[in-house]
Amino acid sequence: MDNNQFDENVAFRVDAGLIDRLGRELVGRAETAVSELIKNAYDADAREVSVTFIDSDMTGGTLFIEDDGCGMTYKQLIDGFMTISSTDKVHNPKSEKYKRQRAGRKGIGRFATQRLGEHLTIITQTNDSGNAFELEIDWKKYQIDQDITTITNSVRKIAKQKDEGTLLKISNLRDPWTVKSIERIYRYVSDLFQPDYLSDEGSILQLANQKDNTFQVRFYRNADGIRTVIADPQKMIFDKALAVIEGSVDSDGKGAFSVSSKNLSIEDFDNPIEYKKNEPNYPSLKRIHFKAYYFIYEREEYYAGVSKLELRNIRTLSEESSGIRLYRNGFRVLPYGEPNDDWLGLDIKIYSGEKGSTNIPYRNRNFFGFVEVLDIKGKFFEETASREGLLSNDAFRELQHFVSESLFSARLRLREGVTEIRKAGKAKESSNKQERTTVEELLNRIETFVNSGTLERKEEAQNAVRELREEVRLLIDELGMIRVLAALGLTIAEFTHEVTQYTPSINGYIAALQSLQQNAEGIGLLEELRRGFNNFIAYTAYFNTTISQNVSRELQPIRITDIVNRFVSAIKGDANKMGIEIKSEFYGGYDLFTVPMHPSEWTSILYNLYTNSKKAIQRANSKGIIAIIAGEEGDKIYIEFTDNGDGVAEEIKDRIFNAFFTTSLPAGFDAPSDERLVGTGLGLKIVKDIIETYGGKIFLIPPETEFVTCFRIEIPKASSKQLMEYGI
Amino acid sequence: MEYRYLYIDDWDKKDIAGTISGIEAGGGIKIEHSKPAGDWEREYDRIAQLSFQGVILDLRLQEKAGLDGNYAKYSGAIIAHAIREMAKEKTINEFPLVLFSGNYNLQQFFDKTGEDAFDLRILKEELNNNSAFETLRLKLLALARGYDWINHLNRENPSRAVEQLMGFGYEALEERFRQRMETYINKPTHDIAAFIVRNLLEKEGLLISEQLLAARLGIEINASNDWPKLKLILNDFSYKGVFMEGWSRWWMYNIEHWWDEAIGEGLRLQPTSASKRVDLLKGKLGLDGLVPANKIEKARSDQFWIICQGLKRPLDPIDGLFVSGQENAFPWQSKQYVSHEAAINRISIEDWKDVAASEKDKLDQLKTFYSRERIRR
């Protein structure tokens, strides 16, 4: 420019080097650039985008981004793409065809291409145009010390390549793009949109839908003329999951889930989830589907074909990508499933009954999953104004209920499986899974080796040590749970003691009221109150006595008639309240003594069996009868606990004594805490353990007429020597 | 007049107010609650100075802080003993002591020691209905009034004193009892009270309870509408001596005499069957609403004379087993039995504990005889 030229009207001039600067500052990372371009395709109502990296292991490669969106007209090219800082997106927050919320940031696209490579070619065509436009930009031309307006780029009309859409060809890539980096960006982008590992059911649901407002991104890599699809590494990982939990709610609102795990031998399909007791179908929630892949870290022995390292990698991945995500009509709804989000209450739901079961960690981190919701008309779910989540309406709450219920029901099943697998151990192909080598035997083997020192004994001993270690681990786990329950027991002891202190006073008030009352109705009510209160007291007094009896830790031969009679009189009130008749019968002699035991252990046994019978009767909806029949046979005392409930299904007969097996549905989201403790699945296991410790047995036998289920317990009789020892 | 009891309990008033209301409901008794004074001296001073006609003590006084914020270092039993000592030394007046405890086991402990300073021992959990409170109230009333009576008794002439206490004609009293009673007259009031309550009122013998009365007349109380009428007829023979308000009793001697004179038609009471007894009563008294009592299972005779300690129903001693622990019974006291049914099934065993050693073999035989065969349905 001439130093002497003077213009009265001056305009801003822009240095071309600004392009480069803006590019770097606005776009930053290469991944961001690629994702911005994909977002632009999304905003253009594309349904499919393919991203192909060609010979990109080193810099200088080429990147193709092709979409089937609405493309650009010449005018749009000029006004939009070629105009920096266009306000198009501010004016149109939603896309034209599918009314999508704009995903891309304002006016970044061009800079994204500049950031990625030195050369850009755009080929774009719209539906109703007769031809396509090809625009070429050489970003190298945009150097500093050049007025941006002086640099031109060529635009040509060419034949239409396809119906509509845009192809970006970015060449001379500035960064190397290895498989790993492509995978990374694939993941980055996938975060935004529903992953392509949709279940069949999901795609069936989708295909059934007329308007296919979907969005699919595919990544490819061409190297040396060979094209490979970049699959999401996550997908491969998911095939390694310990268990897969899947569920759906159909158009009638009926919900069911299934859980499967090859390693844990679980194939449990079509388990219904009821919304409420008298309303099993969900009123507002329809047509949703979820799938969750479950992992337990640090336990590679549970898996088949997963190394410690792989599991560790998955764990690292879980720090960012785990959780259960929510996709609505194919698009991710934030913040559900984000690292700190807990919309299903997985992290928070550690109530005391569950705390002991560290075997089945159940936090968001253990899941990679998604929930897909089909709500094309937007009838059931609404986004909040800030676009951060959905409104907490009925449908959403039911959704939370369904998914969390399914997951927690599945957990019970998993617990069983894991416990079994730990028991079986990976030591040997032992066909006889029932026999657990006792600690005694194992120690004996070791001792034999130590004494004999022969080589063959050594191997035996080594095996024994290994088994012992596993045994100890199992015991410690069980101990953990038992400690929890024991602590509870102690609290109950305190509680029942305190309760009995208050009873005379309350009874006094009732008596005083009764003496004041002249009115017949009043008298009746007071009598009901008195009776009800005394039932309550009888119940707690029973436990009070049991506990105070057990202050000494000594064993004593148990007179079974006394134990049963005391139990029956204590819970009679409770049973009658539920319309259950409870009776006891005794046969044989009158001095039925078991080997020395703890009296309070009988409380546990009888009470556990009683609770199970109660539940069975409730499920059967029958006029309940429970009978406790005791007698003697040979050198054994037997107790049969029998009821007319809904029975034990044939297929679970051999599982009911397993730790954590339960047929109780887990307590609901907002269930009271006592409901949550019931159905821990440990009741029968504990009962069995107690009985077996004393050399006894518990098993199911065919019931007598008018009954449906019968548990038979056999305990050795006290010998006359033992009776003498205890002064009986 | 109202009798005032002091109730010492480490619990707060609001937590035991209900119990007090229940007891006071029928009137005649006023209970004042106080926390333990915290130290011995003050406790006695307090009791000595205040004018109460009785003291109720909770056994455990150490669970919660007392009046001065300290925890009592003594139990109810200790206070009771000390009070009795002071009464002996005439430092304070004599009044009834009642023990409240919530622990069955501790109560048992007192039974064994025999050193019981209490006139009455109540298990809190037994106060679970209207009539239990009413019964307690009457006993408290009876004790307070009775102590007063005994305190003012002229003890110069023992036989006269006994007569006054018994409210009854001297000659009719059983010889051995009378003699024994006379020896107590010059003992402290609480010793006299204890003797009367424990050995006369609480044990069937010279005096019998309503339940035993019905059994001996062969009557089922719950089924007999005219039982109240019959009791009225027998009112002359009811106990009107000291503590009568708290213990409804009848003089057995008089009942039998009355039967022989007016009802029996030559048949003695004991050897007559229950149904015959009731027939005679109905006939002679014109009371239709009398129903004979039923035999307990496994019992063969209905010549009821005692109550089964297990089932609390009428029993002929021939059908029962002697209960243990009666070696030291007084001769005028009736023996206690438990029916075969209750014995082999250990029904209410807390009430009778065990059969006498001499009966153990018989019990074993019964158990074998009645052993049951299981037939699967």
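Above this note sits the structure.
Residues numbered from 1 in each chain as written. Chains lettered and ligands numbered in written order. Predicted model: local features only at pLDDT ≥ 70, side-chain atom pairs only at ≥ 80, totals over all residues. Heavy atoms only, no water.

S.K.: I tried to follow the nonpolar core on my own but got confused; where do I start?
M.R.: Side chains of nonpolar character tend, in soluble globular proteins, to be buried together. Ranked by size, the top nonpolar core spans 54 residues in total, and within it Phe295, Tyr362, Leu399 and Leu407 of chain A carry the most contacts. Examining the composition of this core, we find that 10 residues originate from one element, helix 11 (residues 394-424) of chain A, more than from any other. When neighbours within four sequence positions are excluded, Phe295 of chain A is seen to be in contact with Ile237, Phe238, Lys240, Ala241, Tyr303, Leu311, Ile314, Asn366 and Phe368 of chain A. Grouped together as the second largest cluster of nonpolar side chains are 53 residues, Leu120, Leu127, Ala132 and Tyr239 of chain B included. (Core = buried A, V, L, I, M, F, W, Y, C linked by side-chain atoms within 4.5 Å. Buried < 20%, exposed > 50% of the residue type's maximum accessible area, 1.4 Å probe, protein only. Helix = DSSP H or I, 4+ residues; strand = E, 2+ residues; numbered from the N terminus. Contact = heavy atoms within 4.5 Å.)

S.K.: Would you explain the interface of chain B and chain A in this entry?
M.R.: Frequently, the measure chosen for interface size is the accessible area that the parts lose on association. Facing the 29 residues of chain B at the interface are 31 residues of chain A. Of the roughly 2,900 Å² buried between chain B and chain A on both sides combined, carbon and sulfur atoms contribute 45%. When the buried surface of chain B facing chain A is broken down by residue, Arg372, Arg374 and Arg377 of chain B rank first, second and third, together holding 28% of it. Where chain B meets chain A, there are 6 salt bridges. Of the charged contacts in the structure, one is a salt bridge between Asp591 of chain A and Lys367 of chain B, with a shortest N-O distance of 2.7 Å. Viewed at the interface, chain A and chain B are joined by 16 residue pairs in polar contact (both at pLDDT 80 or more). Elements with a contribution of two residues or more to the side of chain B that touches chain A: helix 1 (13-24), helix 5 (130-151) and helix 13 (340-345) of chain B. In terms of residue count, helix 1 of chain B provides more of the side of chain B that touches chain A than any other element does, 7 residues in total. (Buried area = accessible area lost by both parts, 1.4 Å probe. Salt bridge = Lys/Arg side-chain N within 4 Å of Asp/Glu carboxyl O. Polar contact = N/O pair within 3.5 Å; in protein donor to acceptor, adjacent residues only side chain to side chain.)

S.K.: Help me understand the sheet that holds strand 4 (residues 97-101) of chain B in this model?
M.R.: Whether parallel or antiparallel, the strands of a sheet pair through hydrogen bonds between backbone atoms. All names here are of chain B. Pairing within the open sheet is parallel, and its 5 strands lie in the order 2-1-3-4-5. Every interior strand has two partners, whereas the edge strands, strand 2 (29-34) and strand 5 (120-123), have only one. The mean angle between the axes of side-by-side strands here comes to 20°, regardless of whether they run parallel or antiparallel. With respect to the sheet, helix 1 is in contact with strand 1 (3-8), strand 2 and strand 4, its orientation differing from that of strand 2 by roughly 170°. Running at roughly 170° to strand 1, helix 2 (residues 40-49) makes contact with strand 1, strand 2 and strand 3 (54-58) of the sheet. (Pairing = 2+ DSSP bridges. Axes fitted to C-alpha atoms, helices over the stretch in contact; angles between N-to-C directions.)

S.K.: Got a minute to help me understand unusual backbone geometry in this structure?
M.R.: Phi is mostly negative for residues that are not glycine, and the peptide bonds are mostly trans. In this structure, Asn172 of chain A is a non-glycine residue whose phi angle is positive, near 55°. With respect to the secondary-structure elements, Asn172 of chain A resides in strand 6 (residues 165-173).

S.K.: Can you walk me through the pattern of salt bridges in this structure?
M.R.: Pairing is possible between side chains of opposite charge, provided their charged atoms come close. For the structure on display, the rule yields 59 salt bridges over all chains. Two residues, Asp9 of chain B and Lys124 of chain B, come together in a salt bridge whose shortest N-O distance is 3.9 Å. You can see Asp9 of chain B sitting in the loop between strand 1 and helix 1 and its partner Lys124 of chain B sitting in the loop between strand 5 and helix 5, a full 115 residues away along the chain. Across this residue pair, the class does not change: Asp9 of chain B and Lys124 of chain B are buried. Asp15 of chain B is the salt-bridge partner of Lys14 of chain B, the closest N and O atoms lying 3.7 Å from each other. The exposure class assigned to Asp15 of chain B is buried, which follows from its relative accessible area of 14%. Through salt bridges with shared partners, one network takes in Glu633, Glu640, Glu704, Arg712 and Glu714 of chain A together with Arg374 and Arg376 of chain B.

S.K.: What is the right way to read the sheet that holds strand 19 (residues 625-633) of chain A from this model?
M.R.: All names here are of chain A. Spatially, 17-19-20-22-21 is the arrangement adopted by the 5 strands of the open sheet, whose pairing is mixed. Of all the strands in the sheet, just strand 17 (581-586) and strand 21 (697-700) have a single pairing partner and so form its edges. Averaged over all neighbouring strand pairs, the angle between strand axes comes to 15°, with direction disregarded. Strand direction decides the pairing type here: strand 17 and strand 19, joined by 6 bridges, are parallel. The residue of strand 19 that forms the bridge with Glu585 is Ile629. Along the sheet face, helix 16 (residues 599-620) touches strand 19, strand 20 (636-643) and strand 22 (709-716) and points at about 25° away from the line of strand 20.

Honestly, that's just the spatial picture; any functional story needs more than this.
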